[in-house]
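Letter by letter, the chains look like this.
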Amino acid sequence: MNVAGVLVLTAVLAAIGMMGVLARRNVLVMMMGVELMLTAANILMVAAGVVHGLLDAQLLVFFVMMVAAAEVAVGLGLLVLLFRFRQTISTKGLTWLKG
Amino acid sequence: MKDLLFLAFTFFITASAMAVVVARNPIYSVLNMVVCFLGVGGLYLIWGAPFLAIVHLIVYAGAIMVLFLFVILMMNLNEVAPSPWSKWAPWASIGTGGLTTLGVAWASHGWPTHYAVSVASTKALGLRLFQAYAGPFELSAILFLAAVIGVVTMTRSSEKERS
Amino acid sequence: MAQGIGQWLTWGMLALPLGAALVIRWFQTRWSVQQAGWVASGAIGMAALGAIVLALSVPTHGHGLMVPLWQWMSIGNLTLSLGVQWDALSLLMAVMVTVIATLITVYAMGYMAHDMRGTSFFALVSFFVFWMLALVSADSLLGLFFGWEGVGLCSFLLIGFWHDTPSNRWAAIQAFVVNRVGDLGVWVALLVPLALMHPVGWGVLGAQVATYPPVLQVAVGLGIILAVCGKSAQGPLYVWLPNAMAGPTPVSALIHAATMVTAGVYLLARTHGFMPPSLQVVVMGLGLGTAFLGGVLALGQHDIKRVLAFSTMSQLGLMVMACGLGAYHAALFHMVTHACFKALLFLGAGSVIHGLNGEQSLARMGGLRRHMPITWVTVTIAVLAMMGVPPLSGFFSKDAILLAAWSHSVGLFLAVIGVSLLTACYMVRWWWLTFMGSPRYDATDTPSHQSPHESPTVMTVPLMLLAGLSVTVGVINAPLPWCPPLLSSWLSPLIPALDGHHGSLAVMALLGVGIASVGGWVGWWMAHRAPMVIAGGEQQWGLPWLLAWVSAHPIRWAGVGADRWVDRGLIKQSITGVSWGIHWLGNRVRRLHTGQLTGYLVMWVLALIAVLGSMVMAW
């Protein structure tokens, strides 16, 4: 396993995820972008565990996965609410913080 | 051998991730996401974390993406929003995948150290989890409880609708 | 004399006029003009008696009688206190001031008898006498400054006594403001020793100033010159004196002829060692120039009191010039004699005004000698004294000045003769237009439709007493074989006399008669041939206008400019500009709040990159 490659992969994946969050107005795709960023961090964590020979890295990934799952659940709940009130899941009309 | 596999998986992960972002149809995004997670699972396997690979697939691809699909299908969100760049979408994703693979290959070239990979047994993982990380484990239960209660409270219908 | 009695007398002399002022003020609405007048003249008269007693008994050597009054503050080694010093000079001034003030106050009882606010007039006059006594009796420059300010205030109040008329108010303000400019000079002269933590008592101040570097000596000297210009209406600061004639005639007689304006001469005499020779030349030139200017301007006036105002200015110029020469004895002698006959001239003018029921223009007078004989005789004596006709007092004092000028240079001597010619000229013109010739007033024009009447006794008695003084007071320093020079010997321990050679008395007498005759003939010719109201004379041929454009208007523009450009422009705009800038900045930053989630996320990502990047850089 070569660390340099892992770093490049992780960076690119995280960038793609961030692009997904910033460039798309569909809330679903934005959430998927967040998941991509989390995945990138997970990959890096596992690689770090290999580098140091620690098992704890994998456990940490485990916990991150758990939190990601809970977060997706709550996020989708919010999305359902948003659709219920606005009949759209685009972030275009959400301007109540304006001014 | 492992390096070649690593490059292949890199290609898959990156290309499908790009496809997730640029796809117009949300269903396409979800399916591409599943492919991405498959790649990630494979990556974990070659790095000696089999348990983690399976759990990753089950949780992410099996639960989370299914949740996404449920939401899309239940609320009919799969209208395709046309975009002038849509026809370049496949090429964008393949191109990104290719470039990243090349980049990874080029980066790995001069790096001196190659680390040895030892496969982590599930037993060892379990022991470690329930001995050293028992506390966080219990706390995560509370986290899920909070998430469940929160979501249910948020999305239940109001008094008027129920009566 | 016993210290105790001296102290009692001092307290009495200062307290009586002040007390009279306060008492008259208190009972102002209940007392008549006569009652107030008696209280005032009684108080001032008793102060005069006290002054005479002190003058006769205080020893002339040393510092005289010192009466400390109040210690104000002490800073380190320096102690500031107010006290009284009775030596020859201050007693001379005190006697002159109080005696003349008594006579004028008695006269005012008749002059202001029908005035609606006559009682408050006497309160103000007593107040003024108190401040004038404070000025002359002070033992330090600081104490003098207190009195200086006080007499300035009283002058303002008295000039503007009839404050219903706007021009009177304006004249009072002008007097006060121009005096203030002079006060700046006293400030400078005070601040130089005080800044160096030196005491400012008269006994030690002279020695102190002598040790200063030349720059500081010039500063102190210039300050004193400026103060003299302000108070004694010299140089460009003369402009307030003719306008001060807006006050009642007793005020003009008291303040602007005999007492307040002589405070400048007093200051010069007190500071006789302070001036470096270069500044003494300045003083001489200033005095001589003012003397000429006053004489020329007096020729152009047709108001009965303004001619006398310019005459005062001219005579003060002669006194200042004499001080500049170092002939302090001559200057002080002339001050005393001038006080007597100038006060008499003013009171006589007041009698004429009173007799004509308010007429003040020479163009509408004439032939009054028949209707006002006492006034005519006394005023004629005063005019002769003013012209320097022997053996009246004015001759001896002017003679002293002429001799002092002769000892300096022939040119100066001739210049003083020129001033004397001018004096005789305008005085005779004034006298002729007022009393002689045929009447130019119309009896039907006067408000009471009666021909002019002589003034009541309460007014004519002071006239006669002053006439007596004008004749006799010359003996105090006359160089006559049977008269000891009382004044000089009295003043000598304090101020050294100028060594001049004494000219032959007969020659000087002839010179005096000659000057009076020549000047008088020119004046008579002017009264007959020249128009009575000379074109431009009333406006002094534009001189005050010119002075205002040089001094007052630039200061006013600077003030207006400072208000518009600095105060409201720079300072206010910078503060409102800060507020405006914050508003502007806020508005620009506000545009970041689009409400769009994506925009916020982008900013968040950028901030994150910046923070992490800086952390990485620092590491």
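For the structure itself, consult the block above.
The structure reproduced in this document is the subject of the present report. It should be emphasised that the depicted structure is a prediction, and the values quoted were computed from it without experimental measurement.

Along its length, chain B carries seven helices and zero strands. Element order for chain B, N to C, with α for helix and β for strand: α-α-α-α-α-α-α. Here the C-alpha atoms of chain B give a radius of gyration of 21 Å, more than 25% beyond the 15 Å that 2.2 N^0.38 yields for 163 residues. For chain B, the residues scored as buried account for 37% of the 163 residues in total. A fraction of 72% describes how many contacts in chain B between residues 6 or more apart in sequence connect residues 24 or more apart. As presented, chain B carries roughly 9,500 Å² of accessible surface, and 73% of it is formed by carbon and sulfur atoms. One way to put it: in chain B the 8 positive side-chain charges average out to a point 6 Å from where the 5 negative ones average out.

Quick look at the interface of chain B and chain A now. Contact with chain B, which involves 65 residues of that partner, is made by 54 residues of chain A. Counting each side, the surface lost to burial between chain B and chain A is near 5,400 Å², with a carbon and sulfur contribution of 81%. When the buried area of chain B at its contact with chain A is split by residue, W47, F68 and Y115 of chain B rank highest and sum to 13% of it. Residue D56 of chain A pairs with R128 of chain B through a salt bridge whose shortest N-O separation is 2.4 Å. Where chain B touches chain A, the interface holds six residue pairs in polar contact (both at pLDDT 80 or more). Broken down by element, the side of chain B that touches chain A gets its largest block of residues, 11 residues, from helix 3 (residues 50-74) of chain B. In the side of chain B that touches chain A, the residues fall into 48 nonpolar, 14 polar and three charged.

For the structure on display, the rule yields 23 aromatic pairs over all chains. Judged by centre distance (6.0 Å) and plane angle (40°), the rings of F62 of chain A and F51 of chain B are tilted. Residue F62 of chain A is located in helix 3 (residues 56-86), and its partner F51 of chain B is located in helix 3; the two belong to separate chains. A connected cluster of aromatic rings, assembled from ring pairs, spans W70, W72 and F146 of chain C. Over the ring of F161 of chain C we find R117 of chain C, and its NZ or CZ is 4.7 Å from the ring centre.

Time to look at empty space enclosed by the protein. All names here are of chain C. Evaluation of the coordinates by the stated rule reveals four cavities of 30 Å³ or more. The volume enclosed by the largest cavity comes to roughly 80 Å³. What lines the largest cavity is simply M387, G388, F395, K398, D399, L402, S420, M508, L511, G512 and I515. At the level of elements, helix 16 (393-408) and helix 20 (505-529) are the ones that each hand at least two residues to the lining of the largest cavity.

Our next topic: the pairing of strand 2 (residues 78-86) of chain C. Regular strands place their side chains on alternate faces of the sheet. All names here are of chain C. Burial analysis of strand 2 places seven of its nine residues in the buried class, which makes it a mostly covered element. Both strand 1 (residues 65-75) and strand 2 contribute to a ladder of nine bridges, which runs antiparallel. What sits directly across from L65, in strand 2, is W86.

This part takes up the packing of helix 8 (residues 214-231) of chain C against helix 12 (residues 277-299) of chain C. All names here are of chain C. In the contact formed by helix 8 and helix 12, the axes pass within 10 Å of each other and the chain directions differ by 15°. In this view, helix 8 runs roughly parallel relative to helix 12, as classed from their interaxial angle. Both helix 8 and helix 12 take part in a crossing whose hand is right-handed. Packed against helix 8, whose contacting residues are Q217, V218, G221, L222, I225 and C229, the element helix 12 presents L279, V282, V283 and L286 at the interface. In terms of residue class, the contact of helix 8 with helix 12 is built from eight nonpolar, two polar and no charged.

As a further point, take the interface of chain C and chain A. Contact residues are listed per partner, giving 11 residues for chain C and 12 residues for chain A. Of the roughly 1,000 Å² buried between chain C and chain A on both sides combined, carbon and sulfur atoms contribute 61%. Sorting the residues of chain C by area buried against chain A places G595, Q596 and T598 of chain C first, and these three jointly supply 37% of that buried surface. The interface formed by chain C and chain A holds zero salt bridges in total. The tally of links from chain C across to chain A stands at one residue pair in polar contact (both at pLDDT 80 or more). The dominant element in the side of chain C that touches chain A, judged by the number of residues it contributes, is helix 22 (residues 597-618) of chain C, at six residues. Looking at the side of chain C that touches chain A, its residues break down into five nonpolar, five polar and one charged.

As a further point, take the environment of G83 of chain C. All names here are of chain C. Inspection of the secondary structure assignment puts G83 in strand 2. Sequence separation between G83 and S140 is 57 residues; the distance between their C-alpha atoms is 7.7 Å. Contacts of G83, omitting those with residues within four sequence positions, involve V67, P68, L69, S137, A138 and D139.

This part is about the side chain of T119 of chain C. Mapped onto the elements of the fold, T119 of chain C is located in helix 4 (residues 118-137). The residues touching T119 of chain C, leaving out its near neighbours within four places in the chain, are I24, Q28, W31, S32, V33 and A36 of chain C.

Reading guide: rules and limits
Residue indices follow the written sequence of each chain, beginning from 1 at its first position. Throughout, the order in which chains and ligands are written sets their labels, letters from A for the former and numbers from 1 for the latter. Only residues with pLDDT of at least 70 are given local features in this predicted model, and only at 80 or more are side-chain atom pairs given and counted; all residues enter the totals for whole chains, interfaces and linings. Calculation of side-chain values draws on the structure's entire complement of heavy atoms; hydrogens and water are dropped beforehand. We count a stretch as a helix when DSSP gives it H or I for four or more residues in a row; a strand needs E for two or more, and each element gets its number in order from the N terminus. Atoms considered for the radius of gyration are the C-alpha atoms alone. The globule rule reads 2.2 Å times the number of residues to the power 0.38. Three exposure classes are used, based on accessible area relative to the maximum for each residue type with a 1.4 Å probe and protein chains only: buried under 20%, partly exposed in between, and exposed over 50%. Working rule for contacts: check all heavy atoms of both residues, and any pair within 4.5 Å makes them a contact. A 1.4 Å probe and the Shrake-Rupley method give the accessible areas. Residues count as covered only by the protein chains that appear here. The sign given to each residue is positive for Lys and Arg and negative for Asp and Glu; His and the chain ends receive no count. For charged residues, the charge sits on one atom: NZ in Lys, CZ in Arg, CG in Asp, CD in Glu. Note on definitions: buried area is the accessible-area loss of two parts on being combined, 1.4 Å probe, summed for both. Salt bridge, as used here: a side-chain nitrogen of Lys or Arg that lies within 4 Å of a carboxyl oxygen of Asp or Glu. We define a polar contact as two N or O atoms separated by no more than 3.5 Å, with the added condition that, inside protein, one atom must be a possible hydrogen donor and the other a possible acceptor, whereas residues neighbouring each other in sequence contribute only through side-chain atom pairs. Classification convention: Asp, Glu, Lys, Arg as charged; Ala, Val, Leu, Ile, Met, Phe, Trp, Tyr, Cys, Pro as nonpolar; all other residues, Gly among them, as polar. Pairing of aromatic side chains here covers Phe, Tyr and the six-membered ring of Trp, requires ring centres within 6.5 Å, and sorts the geometry by plane angle: under 30 degrees stacked, over 60 edge-to-face, intermediate tilted. Remark: a charge is flagged as sitting over a ring if the NZ atom of Lys or the CZ atom of Arg is within 6 Å of the ring centre and within 35 degrees of the ring normal. Only protein atoms enter the 1 Å grid used here, on which a cavity is any set of points holding a 1.4 Å probe that cannot leave and a pocket is any open set flanked by protein within 12 Å on both sides along at least five of seven lines; residues with an atom within 4 Å of a point are listed as lining. Grid points are joined across faces, edges and corners, and a volume is the space filled by probe spheres set on the points. One bridge is not enough; two strands pair if DSSP finds at least two bridges between them. Only the stretch in contact is used when a helix axis is fitted, and all axes are lines through C-alpha atoms; the angle between N-to-C directions ranges over 0 to 180 degrees. In these notes the angle categories are as follows: under 35 degrees is roughly parallel, over 145 is roughly antiparallel, 65 to 115 is roughly perpendicular, and the rest is oblique. Left-handed describes a crossing in which the near helix is turned anticlockwise from the far one by less than a right angle; the clockwise case is right-handed.

By themselves, these figures tell us nothing about what the structure is for.
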